[in-house]
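Chain and residue survey
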Amino acid sequence: FNKDVTHPKMKRRIEKPRILLLDCNLEYKKGESQTNIELMKEDDFSKILEQEETYIRKICDDIIAFKPDLVITEKGVSDLAQHFFNKAGITAVRRLRKSDNLRVARACGATIVNRTDEISEEDIGTKAGLFEVRKIGDEYFTFIEECEDPKACTILLRGASKDILNEVERNLQDALNVARNLYMEPALVPGGGATEMEVAHLLTQKAKSIGGVIQWPYKSVASALEIIPRTLAQNCGANTIRSLTALRAKHALEGSHVNWGINGETGELEDMSTLGIWEPLSVKLQVYKTAIETAILLLRIDDIVSGSKKRGEESGPAVDHGAMPEA
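Presented here is a report on the structure given in the accompanying data block. Remember, predicted model here, so these are calculated numbers, not experimental data.

1. Some thoughts on the overall build of the chain
Across its full length, the chain holds 10 helices and 11 strands. Here the C-alpha radius of gyration of the chain, 35 Å, is well above what a compact globule of 327 residues would show, namely 20 Å. In terms of principal-axis extent, the alpha carbons of the chain reach across some 100 × 95 × 35 Å. Within the chain, the fraction of its 327 residues that count as buried is 30%.

2. Some details on the pattern of salt bridges
Inspection of every chain in the model, using the stated rule, returns 20 salt bridges. Residue Glu53 pairs with Arg57 through a salt bridge whose shortest N-O separation is 3.4 Å. One end of the pair, Glu53, and the other, Arg57, are both in helix H1 (residues 44–64), four residues apart, so they sit about a helical turn from each other. Owing to a relative accessible area of 33%, Glu53 belongs among the partly exposed residues under this scheme. As a salt-bridge pair, Asp117 and Arg115 come within 3.0 Å of each other at their nearest N and O atoms. Looking at Arg115, the relative accessible area reads 47%, which means it is partly exposed. Here the salt bridges share partners, and the residues they tie into one network are Arg13, Glu15, Glu132, Arg134 and Glu145.

3. Here's the deal with a nonpolar patch on the surface
A cluster of nonpolar side chains, Ile37, Leu39, Phe45 and Leu49, forms an exposed patch at the surface whose accessible area comes to about 400 Å². Of note, Leu49 is situated in helix H1. Judged by relative accessible area, which is 42%, Leu49 ranks as partly exposed.

4. Some details on the nonpolar core
Buried together is how nonpolar side chains tend to be arranged in soluble globular proteins. Counting residues in each nonpolar core, the largest one holds 38 residues, and the members touching the most others are Leu20, Leu21, Leu22, Leu26, Ile63, Ile72 and Phe85. The set of elements that each furnish at least two residues to this core consists of strand E2 (19–22), H1, strand E3 (70–73), helix H2 (79–88), strand E4 (91–93), helix H3 (98–108), strand E5 (112–113) and strand E6 (130–136). The contacts of Ile72, once residues within four sequence positions are left out, are Phe1, Ile19, Leu20, Leu21, Leu22, Val93, Leu96, Asn101, Val104 and Ile144.

5. Regarding the sheet that holds E3
Taken together, the four strands give an open sheet; going across it, the order is E4-E3-E2-E5, and neighbouring strands pair in parallel fashion. For this open sheet the edge positions go to E4 and E5, each flanked by a neighbour on one side alone. Strand direction decides the pairing type here: E2 and E5, joined by two bridges, are parallel. The residue of E5 that forms the bridge with Leu21 is Ile112.

6. What about the sheet that holds strand E7 (residues 139–145)?
Judged by pairing direction, the sheet is antiparallel, and its three strands sit side by side in the order E1-E6-E7 without closing on themselves. Edge strands, defined here as strands with exactly one partner in the open sheet, are strand E1 (13–15) and E7. Sheet twist, expressed as the average angle between the axes of neighbouring strands with direction ignored, equals 25 degrees. Pairing of E1 with E6 involves three bridges; the strand directions are antiparallel. By the bridge assignment, Ile14 is partnered in E6 with Phe131.

7. A few points about the pairing of E6
Of all seven residues that make up E6, five are buried, and the element is covered over most of its length. From the end of E6 to the start of E7, which pair antiparallel, there are two residues, and Gly137 there has a positive phi angle of about 70 degrees.

About the cut-offs
Residues numbered from 1 in each chain as written. Predicted model: local features only at pLDDT ≥ 70, side-chain atom pairs only at ≥ 80, totals over all residues. Heavy atoms only, no water. Helix = DSSP H or I, 4+ residues; strand = E, 2+ residues; numbered from the N terminus. Rg over C-alpha atoms; globule rule 2.2 N^0.38 Å. Buried < 20%, exposed > 50% of the residue type's maximum accessible area, 1.4 Å probe, protein only. Salt bridge = Lys/Arg side-chain N within 4 Å of Asp/Glu carboxyl O. Patch = residues over 30% accessible without salt bridge, like charges linked within 9 Å, V, L, I, M, F, W, Y side chains within 5 Å. Areas by Shrake-Rupley, 256 points an atom, 1.4 Å probe, with all protein chains shown as cover. Core = buried A, V, L, I, M, F, W, Y, C linked by side-chain atoms within 4.5 Å. Contact = heavy atoms within 4.5 Å. Pairing = 2+ DSSP bridges. Axes fitted to C-alpha atoms, helices over the stretch in contact; angles between N-to-C directions.

The structure is reproduced here in structure tokens:
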């Protein structure tokens with residue numbers, strides 16, 4: 001995460017750290033409503049400061065009693081608390097995002113504590129092997145590494161500009177989603193328009209065995225599916241009609257021609273299993289399902305009633321409300 005230690009004298013590298021995660025302020029609590037304090041004597045102000053110091057010392061003593069090496073909190077850390085931590089040899093990181101704090105907890109086995117007087121030994125995370133703050137570019141990043149059985153991890157992306165970084169992030173997100181889909185449903189189908197052409201061929205065969213009007217939906221879906229290989233052929237500059245006709249003939253042959261599709265780089269017909277071009281089955285099923293549901297939705301709309309008038313169209317005849325006639 002993108003944070004640095006709160007005090008320059010704190011350690012920036014700790015091996016096998018004891019990590020304590022907090023969700024509370026390590027500074028003096030301000031009144032929730034408007035508070036007025038009357039100072040009658042000269043030493044009243046110093047007493048107030050002493051009370052603040054006593055409160056901060058107490059919460060710091062609660063933390064120091066468990067001997068953590070690293071304290072991470074989602075709220076602020078006062079200068080006085082930093083001083084006590086620095087004396088005790090504890091490193092502090094403040095104002096960490098809730099999502100990042102949860103990830104750290106899953107990585108190092110710690111439990112996020114809401115009050116310092118509720119800390120127990122079980123809340124301390126001891127599964128991390130290394131805590132280190134490194135400078136990358138102009139910013140400091142905190143790394144918690146070499147964790148035992150971590151349940152969370154971070155992928156750090158770097159790019160020359162924001163646009164390149166966003167593009168890399170989108171590509172990584174797509175790759176992770178593909179990996180997740182394959183893990184959830186480990187099934188693949190050939191790409192390059194091979195699946196669409198084979199399904200279109202089977203639907204056309206089915207349509208021939210059905211008589212009457214019912215065969216037309218089959219033919220329409222088959223024709224729609226052929227758009228994918230046609231688009232692939234157009235994108236690489238191949239002869240669309242010739243490529244589609246040849247591909248249709250390939251899939252019409254009995255045998256192992258179901259994997260044949262269009263090579264997106266050369267425009268030639270090739271076996272997708274040889275090229276290693278595969279697509280997740282779950283994505284294909286969802287695409288077909290959404291396309292057919294959308295078509296059904298549009299066919300259910302009989303007519304669109306528009307309440308707006310065309311520009312330049314005159315309004316209806318004016319109603320005479322008994323106004324005086326013009327002279």
